[in-house]
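# A look at the structure
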Amino acid sequence: MAGSSSDQTFDVASLVEDFDLNRIGQYVLVILFIGFFLAPLETGIMTAFKTNRAVAETIPLMPPLAEGFTLDNMTFALNALSGAFFNSLFMAIPATIGSVLFGSMAAYGLTMVDWRGQMGMLVLFLIGIFLPYQAVLVPLARFWNNIFPLASMIKPLFVAAPILQDYHANLVPLMITHIAYGIPICTILFRSYYQGLPSSYVEAAKIDGASITKIYRRIILPISKPMFGVVFIYQFTQIYNEFLFAFTLITGSDTPEAVVTLILPAVGASTSGIDFGIRMSAAFLAALPTLIIYVAFAEQFAEGLKSGG
Amino acid sequence: MGRIEISNLTKRFGDTTAVEDLSLDIPDSEFLVLVGPSGCGKSTTLRCIAGLETATEGSIYIGGEHMNYRVPQNRDIAMVFQDYALYPHMTVRENVRFGLEEEPGYTSEERDARVEEIAELLSISDLLDRRPGELSGGQQQRVALGRAIVRDPEVFLMDEPLSNLDAKLRAEMRTELQQLQHRFDVTTVYVTHNQTEAMTMSDRIAVMNDGTLQQVGEPLELYHAPANRFVAGFIGEPAMNFVEGTNENGTFVGTYIEYPFDEPIRENVGGVEDVVLGVRPEDINLRRFPEDGSDTLADHEFEMTVSVVEPHGDQNVIHLRHPNDAAGDELLHAVTSGTTVVDAGTDVVVSIDPGAVHVFETATGDALHNRRLETELEVRNV
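Each chain has its residues counted from 1, running along the sequence as written. For this description, chains carry letters from A and ligands carry numbers from 1, given in the order in which they are written. Residues qualify for local features only when their pLDDT is at least 70, as the model is predicted, and side-chain atom pairs are given and counted only at 80 or more; totals for whole chains, interfaces and linings, by contrast, use all residues. The side-chain figures draw on all heavy atoms in the structure; neither hydrogens nor water molecules are used.

It is worth spelling out helix H4 (residues 72-111) of chain A at this point. In an α-helix, one turn spans 3.6 residues, which is why side chains three or four residues apart end up on the same side. Helical segments are the DSSP runs of H or I of at least four residues, strand segments are the runs of E of at least two, and each set is numbered from the N terminus. Here the expected span of a helix is defined as 1.5 Å times the quantity of residues minus one. The first and last C-alpha atoms of H4(A) sit 54 Å apart over 40 residues, in line with the 58 Å expected at 1.5 Å per residue. For H4(A), the principal kink sits at Leu81(A) and spans about 45°. Axes are fitted to the seven residues ending at a residue and to the seven starting at it; the angle between these axes is taken as the bend at that residue.

Right, let's get into the domain arrangement of chain A. Residues and elements named next belong to chain A. Taken as a whole, chain A is organised into domain 1 (2-68) and domain 2 (72-306). Throughout, a contact is declared for two residues whenever any of their heavy atoms are within 4.5 Å. The interface is formed by eight residues belonging to domain 1 together with eight residues belonging to domain 2. For the domain 1 face of the interface with domain 2, the top three residues by lost area are Thr 47, Ala 48 and Asn 52, together amounting to 53%. For the purposes of these results, a polar contact is taken to be a pair of N or O atoms within 3.5 Å, where, inside protein, one atom must be able to donate a hydrogen and its partner to accept one; residues adjacent in sequence count only when each atom of the pair is a side-chain atom. Our count for the domain 1 to domain 2 interface comes out at three residue pairs in polar contact (both at pLDDT 80 or more). For the side of domain 1 that touches domain 2, the elements supplying multiple residues, two or more each, are helix H2 (21-48) and helix H3 (52-57). Looking at the side of domain 1 that touches domain 2, the element that brings in the most residues is H2, giving four residues. Those domain boundaries reflect an automatic or database domain assignment. Buried area: the accessible area, evaluated with a 1.4 Å probe, that two parts lose upon being put together, summed over both parts.

Moving on, we get to the packing of aromatic side chains. For Phe, Tyr and Trp, rings pair up if their centres lie within 6.5 Å, where Trp contributes its six-membered ring, and each pair is then called stacked (planes under 30 degrees apart), edge-to-face (over 60) or tilted (otherwise). Summed over all chains, the structure comprises 23 aromatic pairs over all chains. Ring plane angle 70° and centroid distance 5.0 Å describe the contact between Phe143(A) and Trp144(A), whose orientation is recorded as edge-to-face. Burial here depends on accessible area, computed with a 1.4 Å probe over protein chains only, as a share of the maximum for the residue type. Under 20% is buried, over 50% is exposed, and the range in between is partly exposed. Judged by relative accessible area, Phe143(A) falls into the partly exposed class, the value being 34%. Through pairs of rings, three or more aromatic residues link up here, namely Phe190(A), Tyr193(A), Tyr194(A) and Phe228(A). In this structure, Lys214(A) is placed above the aromatic ring of Phe98(B), and the distance from its NZ or CZ to the ring centre is 4.5 Å. Any Lys NZ or Arg CZ found within 6 Å of a ring centre and within 35 degrees of that ring's normal is scored as a charge over the ring.

A word on the pattern of salt bridges. Salt bridge, as used here: a side-chain nitrogen of Lys or Arg that lies within 4 Å of a carboxyl oxygen of Asp or Glu. Per the stated rule, a full pass over the model turns up 23 salt bridges over all chains. A salt bridge links Glu102(B) to Lys214(A); the shortest N-O distance between them is 2.8 Å. A residue pair is termed interchain when its members come from two chains, as with Glu102(B) in the loop between helix H2 (92-101) and helix H3 (108-121) and Lys214(A) in helix H10 (residues 212-223). On the basis of relative accessibility, which here comes to 31%, the residue Glu102(B) falls in the partly exposed class. For Lys214(A), a relative accessible area of 6% translates into the label buried. For Glu160(B), the salt bridge identified is with Lys42(B), shortest N-O distance 3.9 Å. Within this pair, whereas Glu160(B) is found in the loop between strand S7 (155-159) and helix H5 (167-184), its partner Lys42(B) is found in helix H1 (residues 42-50), the two being separated by 118 residues in sequence. Here Glu160(B) falls in the buried class, since its relative accessible area comes to 9%. Salt bridges here are not isolated pairs; linked through shared partners, they connect Lys214(A), Arg218(A), Glu101(B) and Glu102(B).

Printed below as a string of structure tokens:
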């Protein structure tokens, strides 16, 4: 009754109603979690731009102030990683394109073309996903080093090529390994997308006399563009960040063909202790390519998630 | 040229039989509608003709040539799909042209010219550079037709092509499809579950149920002389009335009504005991039952109560129940002219002319007796 007797009276009660304890609790929790997740990132970026003294004397979360600010860490990290960046991208980009393309082709063959034994083949792909990497490391190393030493076979080609050095040949086995291990998961991702496409696309093209390869090239491939975005981001991140295969096939961080994930643990570590500024700079730089890929493919990623699930 | 012969076609998927022993002869340039409820095997039959499914048994001939082992492309057919199957990433021009790309005997310029020509014909010329996503349902439908026509096939196969359109557009496209078919003079097999489309568009209708062919014939033949209870119930809207009962010495005895058969019906029904009485809603006549109950009922008249009235404007559908039926289940429905107004709850006298009655055998569903038509002319010239 109170408050509603006149038009002028301001109904305070109705405002308070919206601020019940549940909602306040929710927001506090959300803000806490945001802080919890973002604090390490913030700390990392701030530390990357601090001098060693500032790192020791200020709170990690604080931004670097006047004298404490430096770009030296970044330059040092960039120098330490520049070769590794090239190696990583030289290996990861073809490996990603290869596994995504082959995965899409395999998915097309498994869902939109009719042939006997499809189910058995699909099961093999599924097994491929669940094969633990650790179980294949030793055979894999033996295969590429002793049974089929591809790297030493193609070294002369790399010497002749511009920009490349002979040691880059060592990245090729790693590239092929990543393609092989990426195909199953890519296939399954594309398969779910292709199953959602109307079968009349393929049937109409068949009636028009298009061959299986033409249907893939002219219809399925262009239609699956959004899904390519999703799988490409996923696969690139996987391959770029992968450590175990790289560690097995490329022996160590001191080799010139080492990829970013191999170099990263060594940057900023020395006998005199750990240089946090350099480490954080290196970590930030190492993460940049995946961030750039996400931003570049964001639109297709969203569209692909929407349509492909 | 485009004559289709299907002989003893059977299609099984694992243990389920989709189509069983279907034989059908479709003369050149006929418009045949394959109609039936969902899952009756009509689409499977169409896909077998198209070559998208292989027949388990039986043969398919188009233009006298055996088709079973031919790929779809070499069957000289074109198909329109229910969802149109237009490629979203191509323009209308590219979509229509796609069907022509694998066709031998065209130069690139001739292909482009042919696309323009077809677009002109379907009045979609101004849409040629748009994508299917930017078109309305009716326009997409036209493009899908264009893609079928562009190859100049001997046979059109259409799988429920109008079911995604709204009612008004559907009626328009029905006429247009018919005109197009006449113009190209192409044998057409048209699959639908919509009996109105079947009645209005076809030269002949083939009704299917549970994978078997029930009856093939001209629309009015199916309407007035259905071969069995299924066809009688499927063709016609609102559906035919069926009353189950027994034949006792030439009189139909149901739970609530008794209907004495006249001589021609008796002859056809013979000694069959369990029968179903069928009568079309428009053949049921109603008159008001006098309040004082003074009316006497003749042989083919019954007293009934109106339970529900559905006004359609041009006609009213009157649902009737028997006064003695406590549960109030509908016994019959009748169609009256739109200007005849009856209120629910009114008692009426229902009269059914023996000339309009169908009788079916309960066990098999086969028609024992169909309604009488004075002459062939009554159907053709009324």
